[in-house]
Amino acid sequence: MDDDLQAKARRFHDLHHGDGAFIMPNAWNAGSARILAAGGFEALGTTSAGVTYGRGVPEYEYRVPGEEMLEAFGHIAAAVDVPVNGDLEAGYGDSPEAVAETIRQSVAHGMVGGGIEDHTGDPASPLYDAEHAADRIRAARAAADDTGIPYTLTARAECYLVSHPDPFAESVRRLNLYREAGADCLYAPGTKDKDTIAALVREVDGPVNVVMGLAGVALSARELEDLGVKRISIGGSLARAAMAVVRDAAREMAEAGTFTFAADAIPDAQLSEIFRRYETPDS
């Protein structure tokens, strides 16, 4: 196993067990990853939503095939020298074996961690049966261990996002099952207020990830750390913010015929300097 990947995996693992919380912003291509890494972050996540938006298709319809998503994530991992965590959606297959293969492929593409959802993509039955979902995490854990790196496995309970009738209790039940099955980090996207997040941290037996950048949620990293959160991600929010710039600029050009949006653009020289840091004699 590559020594560099081993070192990245260990650094990422240790972030989940050190003091305080850390921010893991989510990139959707090599350029965004390099800009974020230049900001000094110790680890990055990928965002399947951001890659999906870049393809011009809706999120949560799983239209981007797994192999294409993993390839896109691989470009992100190869672009930076910090650990990268893969947003591996539902593992690109229903069976535990399919999820295990996705974990193996994530490592082959340079990732040292990855998250697996329990969302089926079927509106009529949006969550996998909890025991089956735990089997999927168990298979992911075994596959991760077989890679020979200290892979950080994140398990996600999608109860809030699919409007479960009792999302908190079901999230806690599922996340603790997933922890027992071998997950290192637990994540219930959609939790937004301090009381819910604090209760989730108390009730879940393991490091908790919380996503920020959602409309109407204004908690700071310090506040989340005080609540006991270990990892803070931003999902597709930064990609959506970038899309908002394109939308607003299009509106300005079409309706006013002006170009004031360019005043906030990063100068080419600054972007080139950021990207040049990663060049090698062979690149």
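Shown above is the structure to which this text applies.
Described below are features of the structure shown in this document. Keep in mind the model is a prediction, meaning the values are calculated, not measured.

For helix α1 (residues 3–15), which comprises 13 residues, the first-to-last C-alpha distance of 19 Å matches the rise-based estimate of 18 Å (1.5 Å per residue) to within 8%. Burial in α1 covers these residues: Leu5, Lys8, Ala9, Phe12 and Leu15. Relative to the axis of α1, the buried residues are bounded by an arc of 125° and lie together on one face. The N-cap residue of α1 is aspartate 2: its side-chain oxygen and the backbone nitrogen of aspartate 4 are 2.9 Å apart.

Let us now look at the nonpolar core. Grouped together as the largest cluster of nonpolar side chains are 73 residues, with contacts concentrated most on Val80, Ile103, Tyr178 and Leu224. With 8 residues, the single largest contributor to this core is helix α6 (residues 130–146).

Tracing the backbone through its elements, the reader meets serine 237 in helix α10 (residues 237–255). Non-local contacts of serine 237, meaning those with residues more than four positions away in its chain, are made with Met212 and Gly213.

This brings us to empty space enclosed by the protein. Taken as a whole and assessed by the stated rule, the structure comprises 1 cavity of 30 Å³ or more. Estimated volume of the largest cavity: approximately 30 Å³. Around the largest cavity, the lining residues are Ile116, Glu117, Asp118, Ala133, Arg136, Ile137, Ala155, Arg156 and Tyr178. Looking at the lining of the largest cavity, the elements that each hand over two or more residues are α6 and β6 (152–156). By residue number, the principal contributor to the lining of the largest cavity is α6, which donates 3 residues. Class assignment of the residues belonging to the lining of the largest cavity gives a composition of 5 nonpolar, no polar and 4 charged.

The next point concerns the pattern of salt bridges. Applying the stated criterion across every chain yields a total of 17 salt bridges. Salt-bridge contacts for arginine 104 lead to glutamate 101; the nearest nitrogen and oxygen are separated by 3.0 Å. Taken together, the positions of arginine 104 and glutamate 101, both in helix α5 (residues 96–108) and 3 residues apart, correspond to about one turn of that helix. A salt bridge links glutamate 223 to lysine 194; its shortest N-O distance comes to 3.2 Å. Placement of the pair is glutamate 223 in helix α9 (residues 221–226) and lysine 194 in helix α8 (residues 194–203), with a sequence separation of 29 residues.

Attention now goes to the state of the cysteines. Under the definition given, this model contains 0 disulfides. Of all cysteine sulfurs in the structure, the one in cysteine 185 sits closest to cysteine 159, which takes part in no disulfide; the separation is 16 Å.

Here we take up the layout of surface pockets. Volume-wise, the largest pocket comes out at about 510 Å³. The wall of the largest pocket is formed by 32 residues, among which Arg156, Tyr187, Val211, Gly235 and Gly236 lie closest to the centre. Looking at the lining of the largest pocket, the elements with two or more residues in it are β3 (44–46), α3 (48–54), β4 (84–87), β6, β8 (208–211), β9 (231–233) and α10. For the lining of the largest pocket, the residue count by class is 11 nonpolar, 15 polar and 6 charged.

About the cut-offs
- Residues numbered from 1 in each chain as written.
- Predicted model: local features only at pLDDT ≥ 70, side-chain atom pairs only at ≥ 80, totals over all residues.
- Heavy atoms only, no water.
- Helix = DSSP H or I, 4+ residues; strand = E, 2+ residues; numbered from the N terminus.
- Expected span 1.5 Å × (residues − 1).
- Buried < 20%, exposed > 50% of the residue type's maximum accessible area, 1.4 Å probe, protein only.
- Arc of directions from axis to C-beta.
- Polar contact = N/O pair within 3.5 Å; in protein donor to acceptor, adjacent residues only side chain to side chain.
- Core = buried A, V, L, I, M, F, W, Y, C linked by side-chain atoms within 4.5 Å.
- Contact = heavy atoms within 4.5 Å.
- 1 Å grid on protein atoms, 1.4 Å probe; cavity = no way out; pocket = protein on both sides within 12 Å on 5 of 7 lines; lining within 4 Å.
- Points joined across faces, edges and corners; volume = space filled by probe spheres on them.
- Nonpolar A, V, L, I, M, F, W, Y, C, P; charged D, E, K, R; others polar.
- Salt bridge = Lys/Arg side-chain N within 4 Å of Asp/Glu carboxyl O.
- Disulfide = S-S within 2.5 Å.

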